[in-house]
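Reading the structure
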Number of protein chains: 2
Amino acid sequence: MGSGCIKPAAGGRMPPSAALPRAALLGLDWGTTSLRGYLIGSGGVVIAERAADAGILQIKDRAFAAALNDLAGDWLEADSSLPIVASGMIGARQGWVEAPYVEIPAGAGNLPLHTIEDFGRPIHFVPGLSRHDENGVPDVMRGEETQIIGAYETQMQDGLYLLPGSHSKWARVTGGAITWFTTFMTGELFTALKDHTILGRMMAGSAHIPAAFARGVAYGKDPNSIMQRLFSTRALALFDDLNEIEAASYLSGLLIGSEIAEARLFVPDTSAPITIIGNPDLGERYKTALSICGLEGYQTPVGAAARGQWRIATAAGILAS
Amino acid sequence: MGSGCIKPAAGGRMPPSAALPRAALLGLDWGTTSLRGYLIGSGGVVIAERAADAGILQIKDRAFAAALNDLAGDWLEADSSLPIVASGMIGARQGWVEAPYVEIPAGAGNLPLHTIEDFGRPIHFVPGLSRHDENGVPDVMRGEETQIIGAYETQMQDGLYLLPGSHSKWARVTGGAITWFTTFMTGELFTALKDHTILGRMMAGSAHIPAAFARGVAYGKDPNSIMQRLFSTRALALFDDLNEIEAASYLSGLLIGSEIAEARLFVPDTSAPITIIGNPDLGERYKTALSICGLEGYQTPVGAAARGQWRIATAAGILAS
C-alpha cells in the first residue's frame, strides 16, 4: 500500500547541499480519504514523504495499525524510538481514537496530545479545535489546526489563514494562536449543486474557464445575495448568456465569491495578505477570487502539515533532545 | 389518466346556494411534474378540477395533445367553443411551444398570450416573466406570474407575494403589476444538501420537528451568514446538541431563515403582511418562519392559478362576452 517517494524539503529550510538530517519524528496527516506520512528531521525538515489510499473511509475493521505498518513499517523498524504524531480525522470519533476538541484560543503550546499505547509504541494524536459563537453554536476543525500552525511557523505572521476545499476553513491567528475560525461547505455545496440540482443540467464537463469563474466571483461577492443568485446559473443559460462549458466555473466562482463576501466581515485589516494553505491549483483560484474582491492572497509553501506536526511535537516535549 | 373530482369553488366567490355556473374557460396549470385542469365559470369560479401525473417530464414523444384529451376531452367535447389557457412550464422551450419571456413590469393587462392552432382549436399559452437586475443578470418565472395575478384578484392588495417551494419565488406587486421578483432555490438546495452531503449523514427520517425548525430559522436569519452556518448542522450534532430526528428540520429552518433574511432587503414596509401562495402545509411553515423574523404572512385561498388564468383570459379578450 505505501508507495514511497523522496521529495526535497518544503519551505526552504534545508540548505541545498546539506546531508540528509537524522529523522526526529514521524508525522501522519491522516484524513477521511488519504493518509500521508512525513519523515521529519530536526528543525521540521521533511526528509521523505509517502502517501497511501488509506483514509479512514477506506479502512475496514479498524485496521489502522496495519495501514500504518504498510505505510511506514520500515521507517519505524529502523528507529525504534522515533516518535509518532498524527493529525486529522484519525483523531475523530470514527477514527483510531477520539482526541476531544479543544476550545479556541489554541496554539502549538496548549494542544493536549491524546496518546495511545496499543501500537507497541506511543502514538500522539493532535486534538481538533472547536469554537462556540455568540449564540453558543459550535464549529469544528480537525487537521487544519496543524497546517495553520505549520504555515505560521514559516512566516511568523499573525493574520487570516485560509484552507480552501470541500469544507473551506478561515482562521485568524493572533500571537501565534488560533483565536477564531469558521467553516464554509463551499466545495461540497458545489458538488451537490452540480450533480444533484437543475443547475447541473446546464453544465458540460468540468474544465476551469477563468473568465466564467471570474464572472461568478464578481456576481457572488455582493453581501446577502447567494441564496437568490444561485439561480442565475440557470437564468443566464436560458438567455444564452452562459454556455454549458462555462456554467460549472461560473457556479464555482459564485460560491467562492459568496464565501469571501461572508468571510471578509471578519477581516480586520484588508491590507494584510491572507495566507492560503493547501492544494496549489485551488489556492491559485482563491487567490484570483480574493483579488477580484479587493483582497490579497499569499500561498504558503507546501508541507504545512509536517511543519505543524514538528512544531506541536516540539512544544509537547515528545522529541528526543 | 385524468381522474376527475368536483371541488367547491376556491376563494369564496360562488354564493353557497347558487346553481353551477356555465363554464367559460378551461385553465391548464401544466408544470414539469403535474398537469391540473380547471373548468372555470364566469367571475373566475372553479366549477371542477382535475389532476394527472402528466407533467412535461412524464410525457413521451411530445404527446401533449393526447395528455390534454385524456384529462379534459369530455369537457372540450361538451363545449366546442370553450377557450383554453395554459400556464406553467408547458410554455417553456422544452414544453408544447415556447412562449417567450416578457420583461417586468407585467400584469394581466400586458401579457401577450402565445396561441397555437394545431390542436383543432386555439390554445393560449401564458408567457413567463423575466427580470434583469442592475448587473444585467436575468431571473425568470413561468407559471408563478399567473398564481400571483390570481392571488391579487382575490385581495386587490399591492405588496410582497411569496410562492415557497423547490424554487421559491418572491415578487412585489405594484398597481396590480409584478414590478420585481427573485428566485431562491431553497427547496432544491435542501434536498441536495440532505441527500448528497455530509449533513444528510446527521439525519434520520423527515418528520417536521417544529422546535428544531424554529431554531434553524432563528440562526439562519442573520444577514450574510448562510455559507458559514450550513455547517452548524454537523457541528451541533457532533456536540450532541441536535439529534438525527431534528437535523433535517433544523437545516430546513436554516435555509428558509436565510431566504427570508435576503428577501427582506426588498421589503419596503414590514408592517404589511406578505401573501403566501401554494401548498398550505409549506405555507404554514413559511408563515412561522416569517413570524420568527418579525414579519407577517397571510395564506391566500387555494385556486390562485385558476383565478389568474381567468383574469388573464378576460384581459386578453378571449372569453365569450
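Residues numbered from 1 in each chain as written. Chains lettered and ligands numbered in written order. Predicted model: local features only at pLDDT ≥ 70, side-chain atom pairs only at ≥ 80, totals over all residues.

**Thoughts on the relation of the copies chain A and chain B**
In summary, the two copies of the chain are related to each other by a rotation about an axis coupled with a shift along it. The two copies are related by a screw motion: chain A maps onto chain B through a turn of 180° and a shift of 0.0 Å along the axis, at an RMSD of 0.0 Å. In short, the pair behaves as if placed about a two-fold rotation axis. For chain A, the smallest separation between a C-alpha atom and the rotation axis is recorded for Asn224(A), amounting to 2.5 Å. (Least-squares fit on C-alpha atoms with pLDDT ≥ 70 in both.)

**Focus: the packing of helix H2 (residues 144–155) of chain B against helix H9 (residues 304–316) of chain B**
All names here are of chain B. Where H2 meets H9, the axes come as close as 6 Å, and the angle between the chain directions of the two elements is 90°. In terms of their interaxial angle, H2 and H9 are classed as roughly perpendicular. Every residue of H9 that contacts H2 at Thr146, Gln147, Ile149, Gly150, Ala151, Glu153 and Thr154 is listed here: Ala304, Ala305, Ala306, Arg307, Gly308, Gln309, Arg311 and Ile312. Considering only residue class, the contact of H2 with H9 consists of six nonpolar, six polar and three charged. (Axes fitted to C-alpha atoms, helices over the stretch in contact; angles between N-to-C directions. Helix = DSSP H or I, 4+ residues; strand = E, 2+ residues; numbered from the N terminus. Parallel < 35°, antiparallel > 145°, perpendicular 65-115°, else oblique. Contact = placed C-beta atoms within 7 Å. Nonpolar A, V, L, I, M, F, W, Y, C, P; charged D, E, K, R; others polar.)

**So, the domain arrangement of chain A**
Along its sequence, chain A is organised into domain 1 (3–157 + 303–316) and domain 2 (186–299). Domain 1 of chain A and domain 2 of chain A are separated by 31 Å when their C-alpha centres are compared. (Domains from an automatic or database assignment.)

**With respect to the sheet that holds strand E12 (residues 168–174) of chain A**
All names here are of chain A. Pairing within the open sheet is mixed, and its five strands lie in the order E13-E12-E11-E14-E15. Both outer strands of the open sheet, strand E13 (177–184) and strand E15 (297–299), are each paired with one neighbouring strand and no more. Across the sheet, the axes of successive neighbouring strands diverge by a mean angle of 25°, strand direction being ignored. Relative to strand E14 (residues 274–276), strand E11 (residues 159–163) runs parallel, the two being bridged by two bridges. The partner of Leu162 across the bridge, within E14, is Ile276. (Pairing = 2+ DSSP bridges.)

**Topic: helix H8 (residues 280–292) of chain B**
Residues and elements named next belong to chain B. Look at H8: 18 Å from first C-alpha to last across 13 residues, which is about the 18 Å you get at 1.5 Å a residue. Among the residues of H8, those classed as buried are Gly283, Arg285, Tyr286, Lys287, Ala289 and Leu290. Where H8 is buried, its residues meet strand E11 (159–163), helix H4 (210–220), helix H7 (247–263), strand E14 (274–276) and strand E15 (297–299). Where H8 terminates, the next one or two residues include Gly294, which has phi positive at roughly 80°. (Expected span 1.5 Å × (residues − 1). Buried ≥ 20, exposed ≤ 12 C-beta atoms within 10 Å, placed from the backbone.)

**Notes on the interface of chain A and chain B**
Listed per partner, the contact involves 35 residues of chain A and 35 residues of chain B. Per-element accounting of the side of chain A that touches chain B gives the leading share, five residues, to helix H3 (residues 186–196) of chain A. Residue composition of the side of chain A that touches chain B, by class: 19 nonpolar, eleven polar and five charged.

**Thoughts on the pairing of strand E4 (residues 46–52) of chain B**
All names here are of chain B. Bridge count for strand E3 (residues 35–41) against E4 is six bridges, and the pairing is antiparallel. Opposite Gly37, over in E4, you have Arg50 as the bridge partner. With antiparallel pairing between neighbouring strands as the criterion, E3 and E4 make up a hairpin whose turn holds four residues, including Gly43 at a positive phi of roughly 85°.

**Digging into the nonpolar core**
Membership of the largest hydrophobic core comes to 192 residues, with the highest contact counts inside it found for Ile40(A), Ala86(A), Ile148(A), Ile40(B), Ala86(B) and Ile148(B). In contact with Ile40(A), other than residues within four places in its own chain, are Ala23(A), Ala24(A), Leu25(A), Gly27(A), Val45(A), Val46(A), Ile47(A), Ala306(A), Gln309(A) and Trp310(A). (Core = buried A, V, L, I, M, F, W, Y, C linked by C-beta atoms within 7 Å.)

**With respect to the environment of Phe190(B)**
Residues and elements named next belong to chain B. Along the polypeptide, Phe190 turns up in helix H3 (residues 186–196). Classification of Phe190 by C-beta neighbours within 10 Å gives partly exposed; the count is 18. Separated by 112 residues in the primary sequence, Phe190 and Val302 have C-alpha atoms spaced 25 Å apart. What Phe190 contacts, discounting residues up to four positions off in sequence, is Leu251, Ser252 and Leu255.

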